[in-house]
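Tertiary structure, described
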Amino acid sequence: MSSLNQNPFNHFYVRSVIYSLVIFCVTACQSTQQQLDDTLESEIIHQPIALVLHGGAGTILKENMTPELEQQYIHVLDSALTVGYQILENGGESIDAVTAVIVVLENSPLFNAGKGAVLTHDETNELDASIMDGATLNAGAVAGVKTVKNPILLAKEIMLHSSHVMMAREGAELFAQEQGLELVDPSYFFVQNRLDALNRIKEKEIQEQTAATNDSKFGTVGCVALDKHGNIVAGTSTGGMTNKRWGRIGDSPIIGAGTYANNATCGVSATGWGEFFIRGVVAYDIAALIEYKGLTLKEAARIVIQEKLPKLGGDGGIIALDKMGKVTMEFNTSGMFRAAIDGDGAKFVGMFEKD
Ligand code: ASP
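What counts, and where the lines are drawn
Residues numbered from 1 in each chain as written. Predicted model: local features only at pLDDT ≥ 70, side-chain atom pairs only at ≥ 80, totals over all residues. Heavy atoms only, no water. pLDDT = per-residue confidence, 0-100. Helix = DSSP H or I, 4+ residues; strand = E, 2+ residues; numbered from the N terminus. Contact = heavy atoms within 4.5 Å. Near = heavy atom within 4 Å. Polar contact = N/O pair within 3.5 Å; in protein donor to acceptor, adjacent residues only side chain to side chain. Areas by Shrake-Rupley, 256 points an atom, 1.4 Å probe, with all protein chains shown as cover. Nonpolar A, V, L, I, M, F, W, Y, C, P; charged D, E, K, R; others polar. Phe/Tyr/Trp six-rings, centres within 6.5 Å; stacked < 30°, edge-to-face > 60°. Lys NZ or Arg CZ within 6 Å of the ring centre and 35° of its normal. Pairing = 2+ DSSP bridges. Axes fitted to C-alpha atoms, helices over the stretch in contact; angles between N-to-C directions. Buried < 20%, exposed > 50% of the residue type's maximum accessible area, 1.4 Å probe, protein only.

Comments concerning the confidence of the model for the protein
Low-pLDDT portions of the prediction should not be read for the details of their coordinates. With 84% of its residues at a pLDDT of 70 or more, the protein has an overall mean of 90. When mean pLDDT is taken per element in the protein, strand β7 (residues 259–261) scores highest with 99 and helix α1 (residues 3–6) scores lowest with 46. For residues 1–5, every residue scores under 50 in pLDDT, and the model assigns this stretch four contacts once sequence neighbours within four places are set aside.

Description of the site of the ligand
Near the ligand lie 11 residues; those nearest to it are Thr220, Arg248, Asp251, Thr271 and Gly272. Note that an oxygen atom of the ligand is positioned 2.8 Å from one of the side-chain N or O atoms of Arg248. Asp251 has a polar side-chain atom sitting 2.6 Å from a nitrogen atom of the ligand. Here the ligand loses 100% of its free accessible area of 260 Å² to cover by the protein chains. Considering only residue class, the shell around the ligand consists of one nonpolar, seven polar and three charged.

A word on the packing of aromatic side chains
The geometry of an aromatic ring pair is captured by the separation of the ring centres together with the interplanar angle, meaning the angle of the planes. For the coordinates displayed, the defined rule picks out six aromatic pairs. Counting every residue linked through ring pairs, the aromatic cluster contains Tyr73, Phe111 and Phe337. The ring centre of Tyr188 lies 5.0 Å from the NZ or CZ of Lys115, which sits over that ring.

Some words on the sheet that holds strand β11 (residues 335–341)
Hydrogen bonding along the main chain pairs the strands of a sheet, whether they run parallel or antiparallel. Reading across from one edge, β4-β3-β2-β6-β5-β1-β11-β12 is the order of the eight strands in this open sheet, with mixed pairing throughout. Every other strand in the sheet has two partners, leaving β4 (166–168) and β12 (347–352) as the edge strands with one partner each. Neighbouring strand axes in the sheet, compared pairwise and without regard to direction, differ in orientation by 5 degrees on average. The sheet contact formed by strand β3 (residues 139–145) and β4 spans three bridges and is parallel. By the bridge assignment, Val142 is partnered in β4 with Met167. This element, helix α3 (residues 67–89), spans β1 (50–58), β5 (221–226), β11 and β12 of the sheet and lies at about 150 degrees to β12.

Overview of unusual backbone geometry
Across the chain, the bulk of peptide bonds are trans and the bulk of non-glycine residues have phi less than zero. Notably, Trp246 is not glycine yet its phi reads approximately 55 degrees, a positive angle. Looking at where Trp246 falls in the secondary structure, it is placed in the loop between β6 (232–238) and β7. Positive phi, normally seen in glycine, also occurs at Val281, with a value near 40 degrees. For Val281, the position within the fold is in the loop between α8 (274–279) and α9 (282–293). Take Val281: its relative accessible area is 37%, and that puts it in the partly exposed class.

Observations concerning the pairing of β11
Burial of β11 is extensive: seven of the seven residues sit out of reach of the surface. What you see with β11 is no split at all: Gly335, Phe337, Ala339 and Ile341 on one side and Met336, Arg338 and Ala340 on the other are buried throughout. In the sheet, β1 pairs with β11 via six bridges, with the strands oriented antiparallel. Its bridge partner lying in β11, Val52 is registered against Ala340. Looking at chain direction, β11 and β12 are connected through five bridges and run antiparallel. Note that in β12 the partner of Ala339 across the bridge is Val349. The antiparallel pairing of β11 with β12 creates a hairpin that spans five residues between the two strands, and Gly345 there sits at a positive phi of about 90 degrees.

So this is what it looks like as structure tokens:
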């Protein structure tokens, strides 16, 4: 036996030192944890929240709009904005705000998404949607579904509960069913004015012997939100383009073209002539200009929408926000249905260029 153990004073002394050290460590850890919590708390308190949405870009002119119709648009845009912003204000997450906003717009027959979507050449509705999470760069997309009531919810399920990013047509519908999403008879999506628009385009096609494309599609919906955790989510939903054929898919379900989100740069949802947005990789291009060239969100969006896209021959617009809650709504058409509350709490609802 060692002399230390034989000496009661030494034994008592060693135990006291160990106890003191343990108490010191526990207290130090608790105060470090408290400091971390305080820092986190203050960061959360100072993190702005913001939300921006669109209901499509195109030839939207006051002279073509009755005051009643204008009021209907304003009402739905405002309601969707309120639904999403309240989720963020109550501490909810961007993903829930974005999907809630897009569901409101999909359920409104005014927009080219969900109910009221444009018709294909064969008088059917084929819906596309996508969503992206800027925190994880995870994404979900769906193309060409005919029976899913809210395609944005299917995009979200694909993102959260599958190992894939994009699903299409019957396979996507089977997955929707497995996830318990609401399926509807295809006739649910039909509204008469979309058939009238299709017939006008077909008539024009016959007369001009050319496929009518531009301005035959607008009304896509989208939303980008920033929550109190600094997370950005972007989503887009559309019926595509009137008179589309051969399983045509536009930019809306293409991550990087119609939708993109990255907490480090921005979140973007696009609307316009999809073929050009795909070729211009528009949503990602805006984020890339911020990341690689150090441009502001506003500068990046302006260059892509006002310079690069028209050079390709495309028209349309985007909504976007960054992690500071700065909002941009850029379009090169005569109007874009849009609404936002930025990081400073400033609210906007409008549709014409001069709004
Ligand atoms: N970008 C959509 C598409 O081409 C249409 C639109 O945004 O109006 O499918």
